[in-house]
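Examining the three-dimensional arrangement
Listed below are the residues making up each chain.
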Amino acid sequence: MMNERTIRRAIPLFSSKASAGFPSPADDHLESRLDVTEYLIDQADATFFAMVTGDSMRDAGLLENDIVVVDRSKKPVISNIIIAIIDGEFTIKSLGQSKSGRPILIPANPDYPIIEIKDETDFQVWGVVTGSFRRFR
């Protein structure tokens, strides 16, 4: 098992931003160092990572095999992306509220239905998604 000392590494962070549109002249000045765990994790003892499966959150930028950062210490509010357990199954969705005040889980893909939480549903918010990352290679 990795301890915090093992995973904490500061990586160079350049002051120029990477344009996703037209290229801008490179600014080769190192601004600082970025500790990825410090950037992604607010409360280490309440945080875990989970791998995304499926495409129900694709329009929110969460794709198959992405890793989400989940903080169990954060109180979920409407519009947060959360990990929930519904009848024993984990799911990642946006938290919403029906007109009657009941929680609903909203996918970020129109091919999936909104999940309405009913009285008989075994439902628990497991944590709030605070970030994500992916590998391309």
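Where strand β5 (residues 81-86) lies against strand β6 (residues 89-97), six bridges are found, and the strand directions are antiparallel. Bridging from a neighbouring strand, Ile 81 pairs with Ser 94 of β6. Here β5 folds back onto β6, and the loop between the two strands holds two residues, one of which, Asp 87, carries a positive phi near 50°. Pairing geometry for β6 and strand β7 (residues 103-106), over four bridges, is antiparallel. Paired with Gly 96 across the two strands is Ile 104, which belongs to β7. As consecutive antiparallel partners, β6 and β7 are separated by five residues, and within that stretch Gly 101 has a phi angle of approximately 95°, a positive value.

For the rest of this paragraph, the subject is a negative patch on the surface. A grouping of Asp 87, Glu 89, Glu 120 and Asp 122 is seen on the molecular surface, where their side chains present a negatively charged patch. In this structure, Asp 87 sits in the loop between β5 and β6.

Considering the arrangement of structural elements, one finds Thr 47 in strand β3 (residues 47-51). Given the relative accessible area of 18%, Thr 47 is considered buried. Among the polar contacts made by the side chain of Thr 47, one reaches the main-chain carbonyl oxygen of Gln 43 at a distance of 2.7 Å. Not counting residues up to four positions away in its chain, the partners in contact with Thr 47 are Ile 41, Val 69, Val 70 and Asp 71.

Considering all chains together, one arrives at four salt bridges under this definition. For Asp 42, the salt bridge identified is with Lys 74, shortest N-O distance 3.1 Å. With Asp 42 in the loop between α2 (36-40) and β3 and Lys 74 in the loop between β4 (67-71) and β5, the pair connects residues that are 32 residues apart, well separated along the chain. For Lys 74, a relative accessible area of 33% gives the class partly exposed. In this structure, Arg 102 and Asp 119 form a salt bridge, with 2.9 Å as the shortest nitrogen-oxygen distance. Linking Arg 102 in the loop between β6 and β7 with Asp 119 in the loop between β8 (115-116) and β9 (123-133), this pair joins segments that are 17 residues apart in sequence. Looking at Arg 102, the relative accessible area reads 34%, which means it is partly exposed.

Moving on, we get to the nonpolar core. Counting 10 residues, the largest nonpolar core consists of Ala 50, Val 52, Met 57, Leu 62, Val 68, Val 70, Ile 83, Ile 92, Ala 108 and Val 129. Residues contacting Val 68, with those up to four places away along its chain left out, are Phe 48, Phe 49, Ala 50, Val 52, Leu 62, Ile 83, Ile 92, Val 129, Gly 131 and Ser 132.

This part takes up the environment of Ile 82. Looking at the secondary structure, you find Ile 82 in strand β5. Since its relative accessible area comes to 0%, Ile 82 is described here as buried. Through-space distance from the C-alpha of Ile 82 to that of Leu 95 is 6.6 Å; in sequence the pair is 13 residues apart. Discounting residues that sit within four places of it in the chain, Ile 82 has contacts with Pro 76, Thr 91, Ile 92, Lys 93, Leu 95, Leu 105, Val 125, Gly 127, Val 128 and Val 129.

Here is what the cut-offs are and how they apply
Throughout, residues of each chain are indexed from 1 in the direction in which the sequence is written. The predicted origin of the model limits local features to residues at a pLDDT of at least 70 and limits the giving and counting of side-chain atom pairs to 80 or more, whereas totals for whole chains, interfaces and linings rest on all residues. Hydrogens are left out, water is left out, and the side-chain values use all remaining heavy atoms of the structure. Between any two strands, at least two bridges found by DSSP are needed for them to pair. Each helix corresponds to a stretch of at least 4 residues labelled H or I by DSSP, and each strand to a stretch of at least 2 residues labelled E; elements are numbered beginning at the N terminus. Excluding any residue in a salt bridge, patches collect residues exceeding 30% relative accessible area, merging like charges within 9 Å and nonpolar Val, Leu, Ile, Met, Phe, Trp and Tyr side chains within 5 Å. Note that accessible areas follow from Shrake-Rupley with a 1.4 Å probe, and for residues the cover is restricted to the protein chains shown. One side-chain nitrogen of Lys or Arg within 4 Å of one carboxyl oxygen of Asp or Glu is enough to make a salt bridge. In this tally Asp and Glu are treated as negative and Lys and Arg as positive; neither His nor the chain ends contributes. A charge is said to be at NZ when it belongs to Lys, at CZ for Arg, at CG for Asp and at CD for Glu. The buried label applies to any residue whose accessible area, calculated with a 1.4 Å probe on protein chains only, is under 20% of its type's maximum; exposed applies above 50%, and partly exposed to all values in between. Under the rule applied, a polar contact is a pair of N or O atoms within 3.5 Å (in protein, one hydrogen donor and one hydrogen acceptor; residues adjacent in sequence only if both atoms are side-chain atoms). For this analysis, residues touch if any pair of their heavy atoms sits within 4.5 Å. The definition of a nonpolar core used throughout is a set of buried Ala, Val, Leu, Ile, Met, Phe, Trp, Tyr and Cys residues joined through side-chain atoms within 4.5 Å.

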